[in-house]
Structure formats: C-alpha cells, structure tokens
Amino acid sequence: MTHRVFNFNPGPSTLPLDVLQTVREELLDYRGTGMSVLEISHRSPEYDAINAEAMALLKELMGLGDEYKILFVGGGASTQFALIPMNFLRGGQVGAYVDTGTWSTKAMQEAQIQGNTVLAASSKEAGYTYVPKQEDLEIPDNSAYLHITTNNTIKGTQYHYVPEAGGVPLIADMSSDICSRRMDFSRFAMIYAGAQKNLGPSGVTVVVIRDDLLERCLDVLPTMLNYQTHAAKQSLYNTPPCFAVYIVKLVLERIKHGGGLEAVAKVNEKKKDTIYALIDQDPDYFRGTAREDSRSWMNVTLRLPSEDLEKKFIAEAKKRGLVGLKGHRSVGGIRISLYNAMTLEGAEKVAAFMQAFRKAN
Ligand code: PMP
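Nothing here was measured: the structure is a model prediction, and the numbers come from that model.

1. Side note on the domain arrangement of the chain
In step 1: The domain architecture assigned to the chain consists of domain 1 (18–257) and domain 2 (261–360).
In step 2: The centre of domain 1, based on its C-alpha atoms, is set 27 Å off from the matching centre of domain 2.
In step 3: In this assembly, 24 residues from domain 1 lie in contact with 23 residues from domain 2.
In step 4: With both sides pooled, the region where domain 1 packs onto domain 2 buries about 2000 Å², and carbon together with sulfur makes up 52% of that total.
In step 5: Taken together, the connections running from domain 1 to domain 2 amount to 2 salt bridges.
In step 6: Of the charged contacts, one joins D293 and K133 as a salt bridge, the two residues approaching to 3.2 Å between their closest N and O atoms.
In step 7: Remark: the boundary between domain 1 and domain 2 carries 15 residue pairs in polar contact (both at pLDDT 80 or more).
In step 8: Residue composition of the side of domain 1 that touches domain 2, grouped by class: 8 nonpolar, 10 polar and 6 charged.

Next comes the structure, spelled out in structure tokens:
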C-alpha cells in the first residue's frame, strides 16, 4: 500500500484518491493514443473532448445556462485581480470592493494601480473576523462591479449569503470555496478561482463569466489579457494548462457521479460541524477566530492558549499523519482546511486528535 496522510494543506491541497488513481492508470497511454495528456496536442480531438467536457460539467454542476462562458487560463487567481479592472473599469467609474482580508485587499490594490476604487464595506477594524452583512454594503451607482471574496482562506470566514448589488455586476473570488455548496451562481456576473483547493491542481484558473459582462471588456487590451479572446476560442487561443484541466475534469466527473453539489455540501457540512462542535464545547481552549455567523466551512481557524501549545499540536498531529494544520504565516495559529476532497474520516481523525491533545495538555 502506498503511504498517504490526511492532508489539510490550504492549497495546493488534497485530491480525491480515485482521481489520482485514474490519472496514474491513464498516464502513459491516454485512451489508446500511446501518449499521456502531458504530451498530446491541445488541438487534438482527445484534448478537445477533455476541455469541452470540463466546461460542460462545471456549468451543469453550477446550474448555469448558455449565457455563461467558462475559461481555463493561467496566472492564478492573483492575475485575475489585475485583469478585472483592466477589462471592466472605465474612467468615471469605480471598482467597489468588500474588504474581508488579505486576498480581497490584494484584489483591490491591483485595481488601484489602474483606476479608482471604493470600499463597499470592510471588516478590517475587527481584524477581519467576520463578513459584512447586506445592510452594511454601500455600492455607488457608478460602480463598474462589486467584488467579493466568498471564502477568506486565511481568516476562516465565509459569506453565507449572496450580496444584492442592484444593477451592478457582482464578481466573486471563489478560490477557496468554489463548488463546495449549492448556491444561486446565476446571481454572479463573474466567478473565478485558482483550481488548487476544490477543483484540481494548481496551474489553471477557472473563470466563469456572463455574456453581458463579457461584452463590456475594454478593447484596448493586449490580446491575451482580454477575456473575450479566451471566450471566443473556448480557452484554446493559446496553449492551455492541459494536464491541470484534465484533472479538473476528473474531479468534476466525480462530483457529478457522487450526487452533485448538494451531496458535496452535505459532507462538507458534517466535516465542519465536527470541528466547530469542539470549539463550541471548549472555547477557552480551542479559540475559534471567526465570528460564529461568518464561520468558514472550508478553513477552520483557531488559536490554542499559547504559541508553544500550537507548535506542539502541529508537530504531534503530523506524527499521526495529519499534516498541513499550521495557520497562515501572517496570522499563526491552527488552520484546518476541509476542502471537497478531504473526507469525513479525515475531519473525524483531526477531531479525535484535538480531544486527545486537550486531555494531555
Ligand atoms: N484568493 C483566495 C481566496 C486565495 O485563497 C488565494 C490563494 N490562497 C488566492 C486568491 C491567490 O491565488 P493564486 O495563488 O492562484 O494566485
């Protein structure tokens, strides 16, 4: 048996074992081609099918119609921070941002290089421990878009509602919670995510964009930086990250066969409940950092009574095959990432370890 640990890394992160096994089985000879997906042309019928299937699956799972286009591009979610204002922010307009932590701050800073931004709301003054509510949002009429980060990977907070932005296009960075639950995705004009948490390996960024927003792309942009280029060519304008897209396709197939996003959400809910229950039982010891109404299902963040205990916790967990539990370097503490591919068994293992650690320390 190959040695596998329970991998709680925040991204790149654990992938479903059966997907990895399929990758291994198909690696040397992809469906009779005598080549691997790493080696075939992105213009081959085999890759065309992978690309088309991945796009169709994503739209199907998210319940999106033909007015949405799927793009598979490079550069990570961080490149999207810059491309969004480049494509959509015109003179006389502002990019409206809700600031809920590091990633939304970075998204806004990229827009500030190019134009004017406005804070629609921020939880900065409270250390980003919560997500602002609908009634806290101030969205100017001249907003080119409203940008939110649905899950805040570092601070462990998550939106549990879809903001109403009036007529303003809603754009979401869903890097750390895409396809983890059912929501009305048609409320968004654009969704983007680095694949490396819930959908596959790093190297491909998924962009979901509605036609009415796509039409607004500014036409002064370099070809590769314009969303229309990739939409018009089904993400085959240039050489895409083929192998990463192939793995995304396998992950999406698996989600579909497992019962879609409802089924995924059911397991994700149990996983997070398993951990938050311990935090609620013993809040002086397991100090959850997110406000209860904003808790993330994907990244559970907590502090222990001392940094020494946190170090010990992380080291002892690792010895038991529970890896990747260290909080982001900017905040410290513990972070338990429970992305789609983490099993309920994994969440239960970490919960059992928390209880044993508490008893012993
Ligand atoms: N947004 C969020 C919410 C993230 O968690 C991350 C990475 N952890 C990023 C953006 C940056 O993504 P990338 O590394 O793909 O540029």
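2. Considering the packing of aromatic side chains
In this description, a pair of aromatic rings is defined by centroid distance and the angle of the planes.
In step 1: Applying the stated criterion across every chain yields a total of 10 aromatic pairs.
In step 2: Each ring, one from Y30 and one from Y246, has its centre 5.6 Å from the other, and the planes form 80°; the classification is edge-to-face. In this pair, Y30 sits in the loop between α1 (17–27) and α2 (45–62) while Y246 sits in helix α7 (residues 242–257), placing the two residues 216 residues apart along the sequence.
In step 3: Look at Y30 and you get buried, because its relative accessible area is 2%.
In step 4: Relative to Y227, the ring of F88 lies with its centre 5.6 Å away and its plane at 15°, an arrangement referred to as stacked. With a gap of 139 residues between them, F88 in helix α3 (residues 76–88) and Y227 in helix α6 (residues 227–232) connect regions that are remote in the sequence. By the burial criterion, F88 is buried, and Y227 matches it.
In step 5: Each member of the aromatic cluster is reached from another via a ring pair, and the members are Y30, F243 and Y246.
In step 6: Its guanidinium or amino end placed over the ring of Y130, R291 lies 4.3 Å from that ring's centre, counting from NZ or CZ.
In step 7: The ring of Y285 carries the charged tip of R358 above its face, separated from the ring centre by 4.1 Å.

3. Description of α2
In step 1: Taking 1.5 Å of rise per residue, 18 residues should cover 26 Å, and α2 covers 26 Å from first to last C-alpha, within 8% of that figure.
In step 2: Taken together, the buried positions of α2 are Y47, I50, N51, A54, M55, L57, L58, K59, L61 and M62.
In step 3: Contact partners of the buried residues in α2: β2 (68–73), β9 (190–194), β10 (205–210), α7 and α8 (260–281).
In step 4: Positive backbone phi, at 70°, marks G63, one or two positions downstream of α2.

4. Notes on the site of the ligand
In step 1: The local shell around the ligand holds 13 residues, among which S78, T153, D173, Q196 and K197 are the closest.
In step 2: With respect to the ligand, the backbone of A77 contributes an N or O atom lying 3.0 Å from an oxygen atom.
In step 3: For the ligand, whose accessible area on its own is 390 Å², the fraction buried by protein is 84%.
In step 4: With respect to the pocket detection grid, the ligand is positioned in the second largest pocket.

5. Observations concerning the layout of surface pockets
In step 1: Its boundaries defined by the atoms lining it, the largest pocket holds a volume of some 790 Å³.
In step 2: Forming the boundary of the largest pocket are 32 residues, of which L15, P16, L17, A341 and T343 lie nearest the centre.
In step 3: Residue assignment for the lining of the largest pocket shows that the elements contributing at least two residues are β1 (6–7), α1, α7 and α8.
In step 4: The class makeup of the residues in the lining of the largest pocket is 16 nonpolar, 10 polar and 6 charged.
In step 5: The residue makeup of the lining of the largest pocket includes at least three contributed by each of domain 1 (18–257) and domain 2 (261–360).

6. With respect to the pattern of salt bridges
In step 1: Per the counting criterion, the structure on display carries 18 salt bridges.
In step 2: Residue E60 pairs with K256 through a salt bridge whose shortest N-O separation is 3.2 Å. One end of the pair, E60, is in helix α2; the other, K256, is in helix α7, and 196 residues separate them in sequence.
In step 3: Note on E60: relative accessible area 46%, which makes it partly exposed.
In step 4: The class for K256 is partly exposed, based on a relative accessible area of 36%.
In step 5: Three or more residues are tied together by salt bridges with common partners; here these are E53, K249 and E253.

7. Considering the nonpolar core
The tendency in soluble globular proteins is for nonpolar side chains to be buried side by side.
In step 1: In this structure, M62, L146, F188 and V208 are the most contacted members of the largest nonpolar core, which totals 58 residues.
In step 2: A total of 10 residues in this core trace back to one element, the largest contributor, which is α7.
In step 3: Every residue in contact with V208, bar those within four places of it in the chain, is listed here: L58, M62, L64, Y68, K69, I70, A189, M190 and I191.

8. Here we look at the pairing of strand β8 (residues 170–173)
Two faces make up the sheet, and in a regular strand the side chains alternate between them.
In step 1: In β8, alternate side chains face the same way, and those of L170 and A172 on one face and I171 and D173 on the other are all buried.
In step 2: With 4 bridges joining them, strand β5 (residues 143–149) and β8 adopt parallel strand pairing. Paired with I148 across the strands is A172, a residue of β8.
In step 3: As judged from the 3 bridges shared by β8 and β9, these two strands associate in the parallel manner. Each bridged residue has a counterpart across the sheet, and for A172 the counterpart in β9 is I191.

Calculation criteria
- Residues numbered from 1 in each chain as written.
- Predicted model: local features only at pLDDT ≥ 70, side-chain atom pairs only at ≥ 80, totals over all residues.
- Heavy atoms only, no water.
- Domains from an automatic or database assignment.
- Contact = heavy atoms within 4.5 Å.
- Buried area = accessible area lost by both parts, 1.4 Å probe.
- Salt bridge = Lys/Arg side-chain N within 4 Å of Asp/Glu carboxyl O.
- Polar contact = N/O pair within 3.5 Å; in protein donor to acceptor, adjacent residues only side chain to side chain.
- Nonpolar A, V, L, I, M, F, W, Y, C, P; charged D, E, K, R; others polar.
- Phe/Tyr/Trp six-rings, centres within 6.5 Å; stacked < 30°, edge-to-face > 60°.
- Helix = DSSP H or I, 4+ residues; strand = E, 2+ residues; numbered from the N terminus.
- Buried < 20%, exposed > 50% of the residue type's maximum accessible area, 1.4 Å probe, protein only.
- Lys NZ or Arg CZ within 6 Å of the ring centre and 35° of its normal.
- Expected span 1.5 Å × (residues − 1).
- Near = heavy atom within 4 Å.
- Areas by Shrake-Rupley, 256 points an atom, 1.4 Å probe, with all protein chains shown as cover.
- 1 Å grid on protein atoms, 1.4 Å probe; cavity = no way out; pocket = protein on both sides within 12 Å on 5 of 7 lines; lining within 4 Å.
- Sits in = over half its atoms within 2 Å of the grid points.
- Points joined across faces, edges and corners; volume = space filled by probe spheres on them.
- Core = buried A, V, L, I, M, F, W, Y, C linked by side-chain atoms within 4.5 Å.
- Pairing = 2+ DSSP bridges.

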